[in-house]
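Per-entry structural report
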Amino acid sequence: MGMFLRFSSRVLLSFKCLFLCSILIVTHPFLMSSSLKAASLSFSYDEVNELVGDALQGLEIRLNNLGRFNGRNHHRKNSSYVRFKGKSISSFSVEPYNVYKLFGRTHSYYVTDIKSSVIDVTAQDRSFYLSLDFELDGAELEGRCVTKVARKKYKECNSFLPNVNFTQAKVLARLRPIAHKGSMSFYISSAKIVGDINIEYCNSWFLGFFCTEFVQIPDKTEKLKKQIASKLKVFVNSQRMRDQIANNIREKVLGNLATVSSIKLTDDEIIVKGRLKRRR
């Protein structure tokens, strides 16, 4: 039933666009060989909501910076990425968090292969809110240790850092629709990563104090989440990503019939202004 409703909503939205085009052709026949006058059409947020969700299907995010020991640390650069429909938008590095240096040993946390799974979009307060859940299987943060044995020479050592698991980890982002290259696209005005940490090792009173006060795992984790959210916002807002979303909406809704010139948001509706393309 849910799939049928989403399909029906997209059909209704496409029909509405086609209806606008038909009205313009009938009422302005002399424009068939010239540029058409601008016209506007209003959509409810519910109508566009399905379009937004459909347009963003295929968005993939992978977070990782853990690799093999490279002679100095375990950092694997540019192993995090943003993809859209299988095409790489950008790869980026997440720096490891050096938690503590003790007796010449450096203990650090690394992100271990966290991938996005389910996308959900809801409309609220003149915006669309994207919720992107992560697949959580095993530890999300793993501790590693290196020690210096000679000038510019390091080796691995045993880390005392417990593995960290996230529960209900997801990206929450606020999207704003924009007119982009004759179609509709979106940009992220805010983004954050949420999720509670779960460390069974730290559940006792003494180890709880050790984890929160000495190692400061919760604080380190929050800083890491802010770093990742900031980078995601930059890369998802990239020109290439906007182009991909605009092309997707153009193919699914606008076709070769019309172009979008501006988008205005009110409390109750989205007003899209555009023109029919010149008929050849």
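Rules of the game
- Residues numbered from 1 in each chain as written.
- Predicted model: local features only at pLDDT ≥ 70, side-chain atom pairs only at ≥ 80, totals over all residues.
- Heavy atoms only, no water.
- Helix = DSSP H or I, 4+ residues; strand = E, 2+ residues; numbered from the N terminus.
- Buried < 20%, exposed > 50% of the residue type's maximum accessible area, 1.4 Å probe, protein only.
- Contact = heavy atoms within 4.5 Å.
- Disulfide = S-S within 2.5 Å.
- Phe/Tyr/Trp six-rings, centres within 6.5 Å; stacked < 30°, edge-to-face > 60°.
- Pairing = 2+ DSSP bridges.
- Axes fitted to C-alpha atoms, helices over the stretch in contact; angles between N-to-C directions.

**Quick look at the overall build of the protein**
Counting its secondary structure elements, the protein contains 5 helices and 14 strands. The buried share of the protein, taken over its 280 residues, is 45%. In the protein, the share of contacts with a sequence separation of at least 24, taken over all contacts with a separation of at least 6, comes to 66%.

**Observations concerning the environment of Val146**
Counting through the fold element by element, Val146 comes out in strand β9 (residues 141-150). Owing to a relative accessible area of 11%, Val146 belongs among the buried residues under this scheme. For Val146 and Ser159, which are 13 residues apart along the polypeptide, the C-alpha to C-alpha distance reads 8.3 Å. If we skip the residues at most four places from it in the chain, Val146 touches Phe69, Arg72, Asn73, His74, Gly104, Arg105, Thr106, Lys155, Glu156 and Cys157.

**Quick word on the state of the cysteines**
One pass over the structure, following the stated rule, counts 1 disulfide. At a sulfur-sulfur separation of 1.9 Å, the disulfide partner of Cys145 is Cys157. Since a negative S-S torsion denotes a left-handed disulfide, the Cys145-Cys157 link at about -80 degrees is left-handed. Of the two residues, Cys145 is situated in strand β9 and Cys157 in strand β10 (residues 153-157); the sequence distance between them amounts to 12 residues. Owing to a relative accessible area of 1%, Cys145 belongs among the buried residues under this scheme.

**Structural notes on the packing of aromatic side chains**
Enumeration according to the criterion identifies 3 aromatic pairs in this entry. Look at Tyr45 and Phe128: their rings are 5.9 Å apart centre to centre, the planes differ by 45 degrees, and that puts the pair in the tilted class. Highlighted residues: Tyr45 in helix α2 (residues 45-56) and Phe128 in strand β8 (residues 127-135), separated in sequence by 83 residues. Relative accessible area serves as the criterion here: at 9%, Tyr45 is assigned to the buried category. Seen from their ring centres, Phe92 and Phe235 are 5.1 Å apart, and the 20 degrees between their planes marks the pair as stacked. One end of the pair, Phe92, is in strand β4 (residues 87-92); the other, Phe235, is in helix α4 (residues 217-236), with 143 residues separating them in the sequence.

**A short note on the sheet that holds strand β13 (residues 258-265)**
Pairing is antiparallel in the open sheet, where 3 strands are placed in the order β1-β14-β13. With partners counted over all chains shown, the strands left at the sheet margins are β1 (39-44) and β13, one partner each. Here the average twist between neighbouring strands, direction ignored, is 30 degrees. Here β13 runs beside strand β14 (residues 269-276); their pairing, made up of 7 bridges, is antiparallel. Counterpart to Lys264 in the pairing with β14 is Ile271.

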